[in-house]
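The primary structure of each chain is shown beneath.
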Amino acid sequence: MHNRDWVDSGASSPGVVTTEGARADVLGTGSAGADGGLVDGVTRLGAGGGPEAPVAWRVPAALSARVPAEQRGSGREDVRLLVSRGCAVSHHAFRELPGQLRAGDVLVVNTSMTLPAAVNGRVGGERVVVHFSTRGEDGRWAVELRAPGGPGVTGPRPGGPAGAVVRLPGGRALVLEEPLGPSAGSRLWWARAPEPVPELLRRYGRPIRYGYTERDQPLSAYQTVFAAPSPDGNGSAEMPSAARPFTAALVAELVRRGVLFAPLSLHTGVASAEVHEPPYPERFAVPAATAWLVNAVRAARGGDLASGGRVIAVGTTAVRALESAAGDDGVVRPAGGWTDLVVTPRRGVRVVDGLLTGLHEPQASHLLMLEAVAGREALRRGYEAALRERYLWHEFGDVHLILPDEERNAPNCSSNEW
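In this report, the structure presented in the accompanying data block is examined.

Analysis parameters
- Within each chain, residues carry numbers counting from 1 in the order of the written sequence.
- Two thresholds apply to this predicted model, a pLDDT of at least 70 for residue-level local features and 80 or more for giving and counting side-chain atom pairs, whereas whole-chain, interface and lining totals are computed over all residues.
- Just so you know, side-chain values use all the structure's heavy atoms and leave hydrogens and water out.
- Here a helix means four or more residues in a row that DSSP labels H or I, a strand means two or more in a row labelled E, and each is numbered from the N terminus.
- Buried means the residue's accessible area, taken with a 1.4 Å probe over protein chains only, is under 20% of the maximum for its type, while exposed means over 50%, and partly exposed covers the values in between.
- Shrake-Rupley sampling with a 1.4 Å probe provides the accessible areas, and residues are treated as covered by the protein chains on show and by no other component.
- Any carboxyl oxygen of Asp or Glu that lies within 4 Å of a side-chain nitrogen of Lys or Arg is treated as forming a salt bridge with it.
- Only when DSSP finds a minimum of two bridges between them are two strands counted as paired.
- Whether two aromatic rings pair depends on their centres lying within 6.5 Å, for rings of Phe, Tyr and Trp, where Trp uses its six-membered ring; planes under 30 degrees apart make the pair stacked, over 60 edge-to-face, and the rest tilted.
- Pairs of N or O atoms are called polar contacts if they sit within 3.5 Å, as long as, within protein, a hydrogen donor faces a hydrogen acceptor (for residues adjacent in sequence, only side-chain-to-side-chain pairs).
- Note on contacts: a residue pair is in contact if any heavy atoms of the two residues lie within 4.5 Å.

### Some words on the overall build of the protein chain
A tally of helices and strands in the protein chain yields eight helices and 19 strands. Counting every position in the protein chain, which comprises 418 residues, the buried fraction comes to 58%. In the form shown here, the protein chain has an accessible surface area of approximately 15,900 Å², with 53% of it arising from carbon and sulfur atoms.

Listed below in structure tokens is the structure:
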């Protein structure tokens, strides 16, 4: 998952970039910031609108989903679905999703394909694993060099140095040119490759894997049913995982019931596995048809959210892209290029009514986005329920459907209006 509120539709390669966290950890202490949210890598989910004491929660290692759902049960739909409607929480199987939506709802989905973005390499006599993250406008790629760890997993490694040659399979090589961050120790570096990287990845790459997974998986395990090839071969370094439980049969059932689908793309970069960092700019595109459909659904319902169609993003990537294309007036316009938008409770959401997402770690910056959509108390209650009922975390884990509280006078729960 993310920091300024702007969208540049024709920008050159972003300069200073960072990325999002991906590790379960203990929630720390500290003071809340202006958003009442992320401060020094700590997410605070107290009740109410102002600074609160942190909720002391952590994700036990036993709640990491170590293999895909189809290897634990009968299929991709065999994950659990936590539903938050305001502060009310209910528990379902993901295949029951059609019963949680209604005709006229629009699901906004990310069609970015997952790339086999990890490639073995060497820097001098040192073995490394190269994680290819993002292609810049000038043809260079943002890469992270990782140190091989246990079977199939990697650990952190200092970035650089400038001028280092990374030897790759088949006689290929990368040249590290400059860090993406302000310091020489930046984790991500711009690198020059002598040939198209998508072809290199196709021949020698494998999906990026983190230590909480049990074993390597084929690339097909990291593709969603919505994934479509990009004309230039670009894609996501890591799977837009909220859509993973969908199957063709479930999509057909949703369409039969009158649920609409609106595609967009946002190519995700490499997450930070050890440090929770804010997001860096990512390439996105919101097509004209999607902008028209979202605007039409919102216009048709007027101010009656309880009876009209709702705009529900499938994944935080879909939120980031769609909100990047929305003006201050809440109208979505066709847009594309780079976005470094971060959605916080202070910024709020202008278009998205609900969100289907995975379960995020206590320090993940994505929780600010979830708080902006759900409201702090609803989010706190949802995560307490997920821990109590032993939901599974990470890309192969269970999912969380956040829907608006349509009962404006619901007791003991703040709304998602900020």
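### Notes on the pattern of salt bridges
Inspection of every chain in the model, using the stated rule, returns 27 salt bridges. For Glu70, the salt bridge identified is with Arg244, shortest N-O distance 2.6 Å. Taken together, the residues span a long stretch of sequence, with Glu70 in helix α1 (residues 69–72) and Arg244 in the loop between α3 (197–204) and α4 (248–256) at a distance of 174 residues. Taking relative accessible area as the criterion, Arg244 reaches 3% and is therefore assigned buried.

### Here's the deal with the pairing of strand β9 (residues 141–148)
Buried residues dominate β9, accounting for six of its eight residues. When strand β8 (residues 126–135) meets β9, the two strands line up antiparallel, connected through six bridges. Along β9, the bridge assignment pairs Thr134 with Ala142. If you look at the hairpin formed by β8 and β9, you'll find five residues sitting between the two strands, and Gly139 has a positive phi there, around 90 degrees. Note that β9 and strand β13 (residues 188–192) share four bridges and pair antiparallel. Counted as the bridge partner of Val143 is Trp189 from β13. Inspection of the sheet shows β9 paired to strand β10 (residues 154–155) by two bridges, in the antiparallel sense. Bridging from a neighbouring strand, Pro148 pairs with Thr154 of β10. Counted along the chain from β9 to the antiparallel partner β10, the turn is five residues long, and its residue Gly152 has a positive phi close to 80 degrees.

### Regarding the packing of aromatic side chains
For the structure shown, the criterion picks out seven aromatic pairs. Here the aromatic rings of Phe226 and Phe246 are separated by 5.3 Å at their centres, their planes lie at 65 degrees, and the arrangement is edge-to-face. Here Phe246 lies in the loop between α3 and α4 and Phe226 lies in the loop between α3 and α4, a separation of 20 residues in the sequence. Exposure class is identical for Phe226 and Phe246. Each is buried.

### Overview of the side chain of Ser186
Turning to its location among the elements, Ser186 is positioned in the loop between β12 (173–179) and β13. The exposure class of Ser186 is buried, given its relative accessible area of 9%. Among the polar contacts listed, one links the side chain of Ser186 to the backbone oxygen of Leu188, at a separation of 3.1 Å. If sequence neighbours within four positions are ignored, Ser186 has contacts with Gly159, Pro179, Leu180 and Gly181.

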